[in-house]
Structure formats: structure tokens, C-alpha cells
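Next come the chains, spelled out residue by residue.
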Amino acid sequence: MFTLNRRSLFAAGATAAAVPALASCGSRSSGGSSDGPLQFILSGDTNQGGGYTAMAKKYQEETGVEIEIVDVPYDDLETKVRNASKANDLPAIGRMPSVDPVWLDRTVDLADIAAEVKPLEGMYAADEEGKVPALPSDLTAVGMFLNKDLWDEAGVEYPTSFDDNVWTWEEFLEAANTVRDATDVKFSLTVDRTSHRLTSYLYQNGSEGLALTEDLSAYEANEATAGAIERFVALNDDKVMPRSVWLTEEDPSAMFKTGQVTAYYSGSWQIADFVANIADFEWVSVPMPAQPVQATNYGSAAYIVVFEGTGREDEALDFLKWLYSPDNYAEISRIAGFLPATEGIEVAYDERQEDFDLYNAAIAGTPAFIGDSKKRELELQVAGTATPLDGDPLRDQTVKAISGDITAEEVVKNALEQLNESLA
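These remarks concern the structure in this document.

Calculation notes
- Every chain is numbered on its own, with residues counted from 1 as its sequence reads.
- For this predicted model, a pLDDT threshold of at least 70 governs which residues receive local features, and a threshold of 80 or more governs which side-chain atom pairs are given and counted, while totals over whole chains, interfaces and linings are taken from all residues.
- To obtain the side-chain values, all non-hydrogen atoms of the structure were used and water was disregarded.
- A pair of aromatic rings is counted whenever rings of Phe, Tyr or Trp (Trp by its six-membered ring) have centres within 6.5 Å, and the orientation is called stacked for planes under 30 degrees apart, edge-to-face for over 60 and tilted otherwise.
- In this description a helix means any DSSP run of H or I spanning at least four residues, a strand means any run of E spanning at least two, and both kinds are numbered starting from the N terminus.
- Burial status follows relative accessibility: with a 1.4 Å probe on protein chains alone, a residue under 20% of its type maximum counts as buried, one over 50% as exposed, and anything between as partly exposed.
- Comment: axis = line fitted to C-alpha atoms, over the contacting stretch for helices; angle = value between 0 and 180 degrees taken between N-to-C directions.
- Throughout, the term roughly parallel applies to angles under 35 degrees, roughly antiparallel to angles over 145, roughly perpendicular to angles from 65 to 115, and oblique to all others.
- Take the far helix as the reference: if the near one is turned anticlockwise from it by less than a right angle, the crossing is left-handed, and if turned clockwise, right-handed.
- Residues count as neighbours in contact if any of their non-hydrogen atoms are within 4.5 Å of one another.
- Each residue gets one of three labels, nonpolar for Ala, Val, Leu, Ile, Met, Phe, Trp, Tyr, Cys and Pro, charged for Asp, Glu, Lys and Arg, and polar for the others, Gly among them.
- Grouping buried Ala, Val, Leu, Ile, Met, Phe, Trp, Tyr and Cys residues that are joined through side-chain atoms within 4.5 Å yields what is termed a nonpolar core.
- Salt bridge, as applied in this entry: a Lys or Arg side-chain nitrogen positioned within 4 Å of an Asp or Glu carboxyl oxygen.

Here we take up the packing of aromatic side chains. Each aromatic ring pair is specified by the distance between its two centres and by the angle formed by the two planes. One pass over the full model with this rule turns up 29 aromatic pairs. Ring plane angle 90° and centroid distance 5.6 Å describe the contact between Phe256 and Phe281, whose orientation is recorded as edge-to-face. In this pair, Phe256 is assigned in helix 10 (residues 252-257) and Phe281 in the loop between helix 11 (270-277) and strand 9 (283-286), connecting sequence segments 25 residues apart. In this pair, the class of Phe256 matches that of Phe281, namely buried. Cluster of aromatic residues (ring-pair linked, three or more members): Trp151, Tyr158, Trp167, Trp169, Phe172, Tyr201, Phe232, Trp246 and Tyr265.

Here the focus is the packing of helix 2 (residues 51-63) against helix 13 (residues 326-336). Two elements in contact, helix 2 and helix 13, have axes separated by 8 Å at closest approach and are oriented at 140°. It follows from the interaxial angle that helix 2 and helix 13 lie oblique. Here helix 2 runs over helix 13; the crossing is right-handed. Where helix 2 abuts helix 13, its residues Gly51, Tyr52, Ala54, Met55 and Lys58 lie against Asn328, Glu331, Ile332, Ile335 and Ala336. By residue class, the composition of the contact of helix 2 with helix 13 is six nonpolar, two polar and two charged.

A separate point is the nonpolar core. Core analysis: the biggest nonpolar cluster contains 108 residues, and Leu146, Trp151 and Phe172 have the highest contact counts within it. Among the elements that line this core, the one with the most residues is strand 4 (residues 135-147), at seven residues. Not counting residues within four places of it along the chain, the set of residues in contact with Phe172 comprises Met144, Leu146, Trp151, Trp167, Leu189, Ala263 and Pro289. Counting residues in hydrophobic clusters, the runner-up holds 14 residues, among them Ile41, Val70, Leu77 and Ala84.

Moving on, we come to the pattern of salt bridges. One pass over the structure, following the stated rule, counts 14 salt bridges. With a closest N to O distance of 2.8 Å, Lys257 and Asp273 form a salt bridge. Linking Lys257 in helix 10 with Asp273 in helix 11, this pair joins segments that are 16 residues apart in sequence. Judged by its relative accessible area of 26%, Lys257 falls in the partly exposed class. Note that Asp350 and Arg334 form a salt bridge whose closest N and O atoms lie 2.5 Å from each other. Of this pair, Asp350 sits in the loop between helix 13 and helix 14 (353-364) while Arg334 is found in helix 13, placing the two residues 16 residues apart along the sequence. Among the residues examined, Arg334 registers a relative accessible area of 25% and is labelled partly exposed. Each of Lys58, Glu331, Arg334 and Asp350 takes part in one network of salt bridges that share partners.

Any functional reading would require information that these geometric values do not contain.
This is the structure we're talking about:
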């Protein structure tokens, strides 16, 4: 297990974008009133099948303790909890996108639970005193979805497992463009506006991303990186891919769900939402193209924390021990469509077992250099030598290239300069 000191956690947490100030978590005292429900703040439970809501109900039935799920918009979550921390009005539990320096010192040590449930290596961290402030809620991995009805209508074949002869990006694009033209939809493909998805595309095209050197002294990119970015930028031509997603943040998921595209490059977290909300067509998960590398990008989707000073710490810890027990964790993974983040959990999903199996196969087949790169990032955090970044250099510079302001070579140069400045 890698360790994070408090300075490095500050550097990691401070990269989040600011959002407008919000009120604190509620009118109750911290964590909920002493005889009321335990507040559990998170985002997206409805989209993920209501897994936490279902488990809260089960927990109350078994123990009599009520867990109040406070589901807030994702863009509001960090600011809401920051404000609650400053107002001494934190909830008992949170499912957070990162460990935030604003409330880091208000977290309860989860080391004992971590030792018991065994999160996957690298998916959690201890500070220099050995405190584990957060546990991974679940894994996510990048993947691709097709509008199956459109592909079947066009009579175009596609791979469905890694046992097939997985397509290259040229083969995929030729096929997707054929489907687009045959079915008269707007676009061949849409890709989430994030460096997480873009980096997996770079991996597949022979790049190792913008990666730290082994001695952690600099970020660098190999010769394949600029060419891969150039190809990605060229895809944003309002025919293959809509420029509006990366330039004006139009919702790519909505585009896919309304049948405007033949394919969607996103990830495993979409499965539960698609099961619940796509009724007009059949969809399918497929292997992502390889050019020549077959790779996904994966990691912890969010982190579970117990907040200190609420007076409800012991009750919150009891709930987490219950939630992470093998049977219950397998159950929430089934309901919410989670890829488990702890060892030895087998999930029998109600639907789309083949999709989840495909994602697990993609993770298993991802090259070792990606894991090594993640390890070096953690080692940098342990060293505590990085300063917070302003925004997301790779994404932000790529947006400039799509708008025609800079070249792909300048994307790499500018993004590396920003990253290396953070090491100074």
C-alpha cells in the first residue's frame, strides 16, 4: 500500500474546480441529530440504481438505525461539504470524488476496516501517521458502447469480446462511419470531455500519456503522443465527432441515449443508467480499439469517508463495516452496477453480466506500464513536492487544439510545461 502525507493530499485535493458556494449539509446538527438518521452525502445514487438507498433501507431493517441518503448534484458536492466543514455541520459519512484538504483533518481513521476488507492495492492510502482517511467506493474503467440497433440495421459487424480479433481505430472508424451514413444519424462517435478518457485513447495509440519519469523529476511524453492527440483532434469535425462536446460541454451521454450517435466512448459507470433509461434501442458494450495497444484507464470512482466531530462516528463506522462485508458489498455492486474495489468479491449482476465481465477483462489485459505510471504518481504524492495544478492541462490544451488555436505538438509542450512547473 502506498502512503500519502498531508501535504501531498493537499496537492491532490486542490486540483478540483471551484463551484458556487452553497449552504451547509442541513439544518440538523453535525451528522444528523443524536437521535435522528445518520446523514450520508453523495452524488449520483439515482443514476447508479439507488444502490446506497437500497442498502440504507436494508441496514435500517436489520439494525433499526436510519441512514439518510443526501444525494446532491456532482458539481455541488465538494463545495457543499467544504462549507459544511467550515460551519461545523458535516454529515456523518460522505462519498467524495477526492480527499479534500479542507476537511482532511475531520476524517476518522479507517485503517482497521481497510485491513479487514482488503481494498485493491493502490486504491487507498495512509498518511505518514498510518491513518487511512478514505476507502474506495468502487472501481471505474473506460469502455465503449454501441447503439446495437443502428449497427444491426446497417449490417455492420463488431467484436464482442477480447477473444475476437479486436479492431484497430481505423477499422472501428470505418465501420462507425458506415453505420452513420447507412442510418442517417448525426455522428459516428462521442467521447466524454475529460483527460481520463483521452489518456486511454493515447494509451491505445502507442503513447504512455503524460507520465512521470522513474526518478519523479519530470513529466515526459513519448514520440507517439503528439500524433495520437492530432488524430483525436481531427475526429472532432462535426461529422465523426461533434465539436460541441469538447468545445461547449454538450452532454455526450444524452447524445447517445437519444440515438444521435452510433458509438459512445465512456465507461462502466454508465451501465446502470443505460439499463434504467434507454428503452428505445438496444445497446452493447464492445472492446475498445487497439492501435496497437489494448488498454483501458481505471481507478477508484470515489472515496468513502467518516467525518469526525459529529458525535455519530461509532455508528458511522458500524455502518461501513456492515456495508463492506462481502455479501453486502457484492449486493450494492450488483444493484449500483459497481466494479468492486476490494479483493475476492464476485458479483452476479441482475442484468448485463457480459458488460461487467468485459470491463474486468479490459482491466486484466491493460499493460503493466499503466499501473507503473499510477504508482509513480502516488510516489510523487508521497514525496509531497508537487504544487496544485490550475485545471486539467491535457484536457484544456486539447480543447485549444480542437478550436484551432494551437497544434497537437503545442498541446504536449504546453501541458508538460504546466505539469513540470507543478514539480518546482
